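# Residue-level structure breakdown
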Amino acid sequence: MENRTARMTILIDPIKKQIFEEICAQQDLTSSQVIRKLMRQYIVEHAGSRELPEWLTETTKAASKSQ
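Owing to the predicted nature of the structure, the values given are computational and were not obtained by experimental measurement.

Regarding its fold elements, the chain presents three helices and zero strands. In the chain, the order of α-helices and β-strands from amino to carboxyl end is α-α-α. Here the chain holds 67 residues, and the buried ones make up 7% of them. When the accessible surface of the chain is summed, it comes to about 6,300 Å², and 54% of that surface belongs to carbon and sulfur atoms.

Below, the structure written as structure tokens:
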């Protein structure tokens, strides 16, 4: 996995944030967990010819099988 973590700051409107956080809470997930999952999926889907680390592709495959 990753060796370090990095902070990413995004700006969204308060209503979207509230709805997103409510939905995450209903699923017993944090908003960070959901955003990281979405980012992994996006990377795998749009990586093109880039070589991706095995942990990234395996994690995404496992997550899609469980849905």
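Next comes the rest of the account.
It is worth spelling out the pattern of salt bridges at this point. Applying the stated criterion across every chain yields a total of two salt bridges. In this structure, K16 and D13 form a salt bridge, with 3.1 Å as the shortest nitrogen-oxygen distance. As a salt-bridge pair, E21 and K17 come within 3.0 Å of each other at their nearest N and O atoms. Of the two residues, E21 and K17 are both situated in helix 1 (residues 14-26); the distance of four residues between them amounts to about one turn of the helix.

On to unusual backbone geometry, then. Note: most peptide bonds trans; most residues except glycine with negative phi. The phi dihedral of D28 falls on the positive side, at around 55°, and the residue is not glycine. Its relative accessible area of 70% is what places D28 among the exposed residues.

Moving on: helix 1. Along its 13 residues, helix 1 runs 18 Å from first to last C-alpha, staying within 8% of the 18 Å computed at 1.5 Å per residue. Taking the backbone nitrogen of I15 as reference, a side-chain oxygen 3.1 Å away marks D13 as the first, capping residue of helix 1. Note on helix 1: the residue one or two positions beyond its end, D28, has a positive phi of about 55°.

Reading guide: rules and limits
- Residues numbered from 1 in each chain as written.
- Predicted model: local features only at pLDDT ≥ 70, side-chain atom pairs only at ≥ 80, totals over all residues.
- Heavy atoms only, no water.
- Helix = DSSP H or I, 4+ residues; strand = E, 2+ residues; numbered from the N terminus.
- Buried < 20%, exposed > 50% of the residue type's maximum accessible area, 1.4 Å probe, protein only.
- Areas by Shrake-Rupley, 256 points an atom, 1.4 Å probe, with all protein chains shown as cover.
- Salt bridge = Lys/Arg side-chain N within 4 Å of Asp/Glu carboxyl O.
- Expected span 1.5 Å × (residues − 1).
- Polar contact = N/O pair within 3.5 Å; in protein donor to acceptor, adjacent residues only side chain to side chain.

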